[in-house]
Amino acid sequence: MTTLDRQPNMYDVAKLANVSHQTVSRVVNNYPSMRPETRARVENAMEELGYRPNKAARALVTQRSRMVGILASDLSLYGPSGMLQAMEVGARQSDHIAVSCTVDPESETSVAEGIDHLADLGIDGLIVLVPQTKAVVAARKKLGKVPVVTVDSMYRVDELSVSVDNFSGGQAATEHLLALGHTNIVHISGLKSWFEATARSSGYAAAMLASGFRPQIVDGDWSADAGYAIGLEMNFENRGVTAVFASNDYAALGVLKAASQRGIRVPEDLSVVGFDDVPESGYFIPSLTTMRQDFAELGRQALSLLLSQLDGNPESHSRPIVPKLIIRDSTAPPP
């Protein structure tokens, strides 16, 4: 391997490959119509010298920073963190840099500052993992012509979006309980300001009404704490409730804990269904029946959609990912 006493530059590569520095620049910037043998000679020279292209200089030539922004919130939750990881890996594989900024979704100031921070870095496009409509609207307004892809906002047909079909997921979870013979089913919702929460609740309500039963929705916040508090307070016996569909697996875990402390057997006395299929859900006691969604695939779809926009592809939607019912030990026919 050829070594220099300094960082190699484009002229060093050109000299070793016996080409002009303009030819090296064309190889670095992936210009078409390059002779394969010339490209190979330049790439071999780059590898031998350990040359790394200057991304800032490359951006000046291509007018693209190859940097994608990710505006995120609630990364402590399994879903958002799984999507973010998939996007970061996919960006590297596509020769892009993923830069994330975490914001408080309930604070318009925090959201605005996060968007400004990413815009100041010169991002080519933005993926919004913040589940509130206001954050999406703010991003589109501030960034102008910069493409903005949203996640789980499938009811806005005019925007770039990828999604999980949370409505059909909520419907399927409820229909599983109805098929077992349950008629008095309570749904613990997620935060109502989240796209996913309203869709899952709507799916639950639709399944209940279609079967001639009254929906019963209790407000939650995605947390095990909320599921636990609701599970302790709810008068299951006197109200005749035999099943709970929780907005996510963490809320379901809280319900399982509360039921155990109250001497309510799951699933003999009370069936419980969650949503997400977090890695631990199979190890709950009892193991949790839940709706599985592929967060990594959702993250990959969001990144792919954004990159296709940057490459001039007019497509604006991907097919919604349909959650899959995973039946475990927490559901059974009612007593």
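No experiment lies behind these values; they were computed from the predicted model shown.

Caption draft 1: Fine view of the pattern of salt bridges. For the coordinates displayed, the defined rule picks out eleven salt bridges. One salt bridge in this structure joins K134 and E108, with 3.5 Å as the shortest N-O distance. Here K134, found in helix α7 (residues 133-143), pairs with E108, found in helix α6 (residues 108-120); they are 26 residues apart in sequence, far enough to count as distant. Here the two residues K134 and E108 agree in accessibility, since each one is exposed. In this structure, the salt-bridge partner of D269 is R265, at a minimum N-O distance of 2.9 Å. Look at the salt bridges and you will find they share partners, linking D277, R292 and R328 into a network.

Caption draft 2: Up close: unusual backbone geometry. Look at the link from V266 to P267: it is a cis peptide, with omega at 10°. Relative to the helices and strands, P267 resides in the loop between α12 (249-262) and β9 (271-273). For the peptide bond that leads from I285 to P286, omega is -5°, which places it in the cis range. Assignment of secondary structure puts P286 in the loop between β9 and β10 (290-292). For D95, which is not glycine, the phi dihedral falls at a positive 60°. In this structure, D95 sits in the loop between α5 (78-93) and β2 (97-102). With a phi angle near 80°, W222 is a residue other than glycine that sits in the positive phi range. Mapped onto the fold, W222 is located in the loop between β7 (216-218) and α10 (224-233).

Caption draft 3: Layout of the environment of L77. In this structure, L77 sits in the loop between β1 (67-72) and α5. Here the alpha-carbon distance between L77 and R52, two residues 25 residues apart in the chain, equals 37 Å. When neighbours within four sequence positions are excluded, L77 is seen to be in contact with W194 and Y250.

Caption draft 4: Quick look at empty space enclosed by the protein. According to the stated counting rule, one finds two cavities of 30 Å³ or more in the structure shown. Computed from the structure, the largest cavity encloses a volume of approximately 220 Å³. What lines the largest cavity is a set of 20 residues, among which G79, P80, W194, E196 and F295 lie closest to the centre. When residues of the lining of the largest cavity are traced back to their parent elements, those giving at least two are α5 and α9 (195-210). With four residues, α5 is the single largest residue contributor to the lining of the largest cavity.

Caption draft 5: Structural detail: the packing of α5 against helix α13 (residues 295-310). Remark: α5 packs on α13, axes separated minimally by 7 Å, with the N-to-C direction vectors making an angle of 45°. Here α5 lies oblique to α13, going by the angle between them. The hand of the α5/α13 crossing is right-handed. Between α5, through Y78, G79, G82, M83, A86, M87, G90 and A91, and α13, the contact on the second element is made entirely by F295, A296, L298, G299, R300, A302 and L303. Among the residues making up the contact of α5 with α13, the classes are represented as ten nonpolar, four polar and one charged.

What counts and what doesn't
Residues numbered from 1 in each chain as written. Predicted model: local features only at pLDDT ≥ 70, side-chain atom pairs only at ≥ 80, totals over all residues. Heavy atoms only, no water. Salt bridge = Lys/Arg side-chain N within 4 Å of Asp/Glu carboxyl O. Helix = DSSP H or I, 4+ residues; strand = E, 2+ residues; numbered from the N terminus. Buried < 20%, exposed > 50% of the residue type's maximum accessible area, 1.4 Å probe, protein only. Contact = heavy atoms within 4.5 Å. 1 Å grid on protein atoms, 1.4 Å probe; cavity = no way out; pocket = protein on both sides within 12 Å on 5 of 7 lines; lining within 4 Å. Points joined across faces, edges and corners; volume = space filled by probe spheres on them. Axes fitted to C-alpha atoms, helices over the stretch in contact; angles between N-to-C directions. Parallel < 35°, antiparallel > 145°, perpendicular 65-115°, else oblique. Left-handed = near helix turned anticlockwise from the far one by under 90°. Nonpolar A, V, L, I, M, F, W, Y, C, P; charged D, E, K, R; others polar.

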